[in-house]
Amino acid sequence: MDFIAGEVLYFNKPLDWTSFDLVNKFRYKLTRKLKVKKIKVGHAGTLDPKATGVLIICTGKATKRIDEFQYQTKEYVATLKLGETTPSFDLEKEVDHTYPTDHITCEMVKETLQSFTGTIHQVPPVFSACKIDGKRAYELARKGEEVPLKAKTLVIDEIELLECDLPIIKIRVVCSKGTYIRALARDIGTALQSGAHLIALERTRIGEVTLDMCMTPDHIDDFLEEVIINNIEDETVKI
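Residues numbered from 1 in each chain as written. Predicted model: local features only at pLDDT ≥ 70, side-chain atom pairs only at ≥ 80, totals over all residues. Heavy atoms only, no water.

## A few points about the nonpolar core
Ranked by size, the top nonpolar core spans 27 residues in total, and within it L80, V109, I159, I171, V173, I181 and I188 carry the most contacts. Breaking this core down by element, the ones donating at least two residues are β4 (74-82), α3 (106-114), β10 (152-165), β11 (168-175), α5 (181-191) and β12 (196-206). In this view, V109 contacts L82, I104, L161, L166, I169 and L192; residues no more than four positions away in its chain are not counted. Residues F26, I39, L55 and F223 belong to the second largest nonpolar core, which totals 16 residues. (Core = buried A, V, L, I, M, F, W, Y, C linked by side-chain atoms within 4.5 Å. Buried < 20%, exposed > 50% of the residue type's maximum accessible area, 1.4 Å probe, protein only. Helix = DSSP H or I, 4+ residues; strand = E, 2+ residues; numbered from the N terminus. Contact = heavy atoms within 4.5 Å.)

## Some details on the packing of aromatic side chains
Tallied over the full model, the rule gives three aromatic pairs. Aromatic pair F11 and F26: ring centres 5.5 Å apart, planes at 65 degrees, arrangement edge-to-face. Here F11 is found in strand β1 (residues 8-13), whereas its partner F26 is found in helix α1 (residues 19-34), with 15 residues between them in sequence. Across this residue pair, the class does not change: F11 and F26 are buried. An aromatic cluster is present here, built from F3, F11, F26 and F223 joined pairwise through their rings. Between the NZ or CZ atom of K177 and the centre of the ring of Y71, over which it lies, the distance is 5.1 Å. (Phe/Tyr/Trp six-rings, centres within 6.5 Å; stacked < 30°, edge-to-face > 60°. Lys NZ or Arg CZ within 6 Å of the ring centre and 35° of its normal.)

## Examining the state of the cysteines
Defined simply, a disulfide is a covalent bond joining two cysteines at their sulfur atoms. In this structure the tally under the stated criterion is one disulfide. With a sulfur-sulfur separation of 2.1 Å, C106 is cross-linked through a disulfide to C164. In this structure, the disulfide formed by C106 and C164 twists by about -95 degrees around the S-S bond and is classed as left-handed. Of this pair, C106 sits in helix α3 while C164 sits in strand β10, and the two are 58 residues apart along the sequence. On the accessibility criterion, C106 (29% relative accessible area) is partly exposed. Judged by its relative accessible area of 26%, C164 falls in the partly exposed class. (Disulfide = S-S within 2.5 Å.)

So yeah, pure geometry; function would need other evidence.
And the structure:
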């Protein structure tokens, strides 16, 4: 493998890591193994700290392919708790409001989910990386400032109810670039005349890249050791 010429790697991002944490971890270990001062490393499609799952990391000249991966269809498995909301729409913030759920049935959930398939308009969460006058929305939100975000057009290809143990539901979502599953949870709660927030989120696929193809950060050292040994052996054969 030639990391400077460019490689594409698949990772399973751990819970409570930012996407940048994983990029920085890999870059640090890679530069030390290669004994170089700098190497370009980037990721395609940010995952929130409270989300886990597929994260594509590109090195060297392959970072030019990041947009290509970001535009590919993504699949998520999300667990929602109905009847409660948080300012971040996930577990990053404490519950701020509670709502009734006695009127909600599993059949009602199934019917409501189908109304979200196809082209929809979604207002991103205020705690997001969207930019407003050059500043990230989450920076303004954390200062208590008003965050005026406009609705974005996106596509939900599939949405499926996997489990229903009210007030907890688990869903599978296949969607386009730019979809905020946290915002989808918010909107599902509103559509059910209640509230909702994410209590777990896993990205299970980007394009053709699935979770079973991904390594964890714990595997980085062994992976790099194996790659470098193979590279040395290949060079020896050439000589």
